[in-house]
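# Architecture and fold: a report
The lines below spell out each chain.
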Amino acid sequence: MTGKATSEAPASGPEESASEPAKVPTPEASGEMAALEPPREEQAPQPQEPVAEAPAPAAPTAAKPAPPSEDVPSAPLQLTMEDVSDSSVTVSWEPPEKLGRLGLRGYVLEVCQEGASEWVPVNDWPMMVTQQTMRNLTLGDKFFLRVAAVSSAGVGPPAVLDQPIHIQEIIEAPKIRVPRHLRQTYIRQVGEAVNLQIPFQGKPRPQASWTHNGQALDSRQASVRTGDQDSILFIREAQRSNSGRYELTLQLKGLEAKAAIDILVIEPPGPPSSIRLLDVWGCNAALEWMPPRDTGNTELLGYTVQKADKKTGQWFTVLERYHPTTCTISNLIVGNTYSFRVFAENQCGLSASAAVTKELAHIKKADIAAKSKGFTERDFSEAPSFTQPLADHTSTPGYSTQLFCSVRASPKPKIIWMKNKMDIQGDPRYRALSEQGVCTLEIRKPSPFDSGVYTCKAINVLGEASVDCHLEVKASATH
């Protein structure tokens, strides 16, 4: 095989590639590429007889002796398949250990279909790259690849992949992506449309199927449309019978993916089955009722209790989303007659009708006789006592200051202010106020002379009391 590749490499020029276009895939080289055409002086020694004698493989070898080994590069190293898809393959290699005395001109990549003996060049002339991609391949192709280094002296021995390359469809495992709002129970009302779009992945397109509560989906109740990337479940007018678990199953060549979606179709509940008036006392009425026979295919949120006065006939809500089936209604107006009704409620709203009491609750006027009790007048008289004493105070000359205290006494006491035990009533420098038991002495623009002990004395017929404080008026600093 090596001798054949070496001898036929010069004949694998652009003429041979053009004669067999169907067998040559589209090459793509990565990295730095230099397409080198054989120079004219190199084309002269290559006679056309080998092309004419293609059916006899041994003819080119006999016509032209092999070049010396030191001029021909050795085989490329580490020929590896980097990637393969359903339409392309990428191979890479390392430069040969020996480049030859005349230097390296590039590489020639060749392909041979399985079961054939002819190697077809992928590129028309040598290319200075060590990685190449073949594109536009056909599914089902199975072939061998080899690469050889080329110098001015000729083509070196090729490096061949050990195993054939099989171009087949890439299988991507099926995967279902359930939207977030469908990961919990999907609730619709009776008569509404159900339109669920479930995206999925898988290559090639997987086979999709739906079930309802473990049984095959009834096409009369729901329709399904499956595309390349999603499956849609559609119900034009949902009924309560459409509630349950819907399961989507994807199957692809032994692989399987499943996703379950719970659908609940609901409607308003029926009214409570019965209601009766248990008792009436004072301004209160006690009611009791039975739960509705039909809850609307979902849990009840509670009951709404209303009352109506017989005179006006207007209904007023007393209780909302009330869970027990007994209640006591209070604050009814004396002399009025009431009737009561109860609605059931679920996620769809209140029931279309209500259970109404047959009996009326009449709030009677009670015969109550008021009994007067003897009133004992209390004596609030007390001697003066100070609840808030005077506090020592320091003031600045020229700035008015005030002294405060509070006194409690009955009858109202007489207030006397003194300075150093001398009565200061009538002195224009002082102003005394007393209001609601709060006694105030204002000293207008005090001077150091106004420093001293001030006393507030309260006197009434029951006694007297006094409090003292010390006022210090500091003289201004002189410079």
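Residues numbered from 1 in each chain as written. Predicted model: local features only at pLDDT ≥ 70, side-chain atom pairs only at ≥ 80, totals over all residues. Heavy atoms only, no water.

### Quick word on unusual backbone geometry
Each neighbour pair has its own omega, and for K203 with P204 the value is -5°, a cis peptide bond. Residue P411 is reached from S410 by a cis peptide bond, and omega for that bond is 0°. Mapped onto the elements of the fold, P411 is located in the loop between β31 (401–410) and β32 (414–419). In this model, N136 sits at a positive phi of 60°, which is unusual for a non-glycine residue. Mapping N136 onto the fold places it in the loop between β6 (131–135) and β7 (142–151). Located in the positive-phi region is K421, a residue other than glycine, with phi close to 65°. Along the polypeptide, K421 turns up in the loop between β32 and β33 (422–423). (Helix = DSSP H or I, 4+ residues; strand = E, 2+ residues; numbered from the N terminus.)

### Describing the side chain of E442
Relative to the helices and strands, E442 is located in strand β35 (residues 438–443). Accessibility expressed as a relative area gives 15% for E442, which makes it buried. Of the polar contacts made by the side chain of E442, one reaches the side chain of R431; its length is 2.7 Å. E442 has contacts with S400, T401, Q402, R429, Y430 and R431, leaving out every residue within four places of it along the chain. (Buried < 20%, exposed > 50% of the residue type's maximum accessible area, 1.4 Å probe, protein only. Polar contact = N/O pair within 3.5 Å; in protein donor to acceptor, adjacent residues only side chain to side chain. Contact = heavy atoms within 4.5 Å.)

### Brief notes about the nonpolar core
Ranked by size, the top nonpolar core spans 22 residues in total, and within it I176, L196, I198 and I263 carry the most contacts. Contributions of two or more residues to this core are made by β13 (194–203), β14 (207–212), β17 (230–235), β18 (244–252) and β19 (255–266). Element by element, the count of residues in this core is highest for β19, at 5 residues. If near-sequence neighbours (up to four positions away) are discounted, L196 is found in contact with L182, Y186, S231, I232, L233, I261 and I263. Listed in part, the 20 residues of the second largest apolar core include F386, L441, A465 and V467. (Core = buried A, V, L, I, M, F, W, Y, C linked by side-chain atoms within 4.5 Å.)

### Re the packing of aromatic side chains
Per the counting criterion, the structure on display carries 5 aromatic pairs. On the numbers, 5.6 Å between centres and 65° between planes, the contact of W289 with Y303 is edge-to-face. Taken together, the positions of W289 in strand β21 (residues 284–290) and Y303 in strand β22 (residues 302–309) put the pair 14 residues apart, joining distant regions of the chain. Each member of the pair, W289 as well as Y303, carries the same accessibility label: buried. Cluster of aromatic residues (ring-pair linked, three or more members): W289, Y303 and Y322. When the ring centre of W315 is taken as origin, the NZ or CZ atom of R341, which lies over that ring, is 4.3 Å away. For the cation-ring pair, K419 lies above F449, with the distance from its terminal atom to the ring centre recorded as 4.5 Å. (Phe/Tyr/Trp six-rings, centres within 6.5 Å; stacked < 30°, edge-to-face > 60°. Lys NZ or Arg CZ within 6 Å of the ring centre and 35° of its normal.)

### Describing the confidence of the model for the chain
Of all residues in the chain, 84% attain a pLDDT of 70 or more, and the chain-wide mean is 82. Of the regions scoring below 50 in pLDDT, residues 29–64 engages in 32 contacts with residues more than four places distant in sequence or in other chains. (pLDDT = per-residue confidence, 0-100.)

### Observations concerning the pattern of salt bridges
Overall, the coordinates contain 15 salt bridges when judged by the stated rule. In this structure, R240 and D294 form a salt bridge, with 3.1 Å as the shortest nitrogen-oxygen distance. Of this pair, R240 sits in the loop between β17 and β18 while D294 sits in the loop between β21 and β22; the two residues are 54 residues apart in sequence, bridging distant segments of the chain. On the basis of relative accessibility, which here comes to 30%, the residue R240 falls in the partly exposed class. Among the ionic contacts, a cluster of salt bridges with common partners joins R240, E267 and D294. (Salt bridge = Lys/Arg side-chain N within 4 Å of Asp/Glu carboxyl O.)

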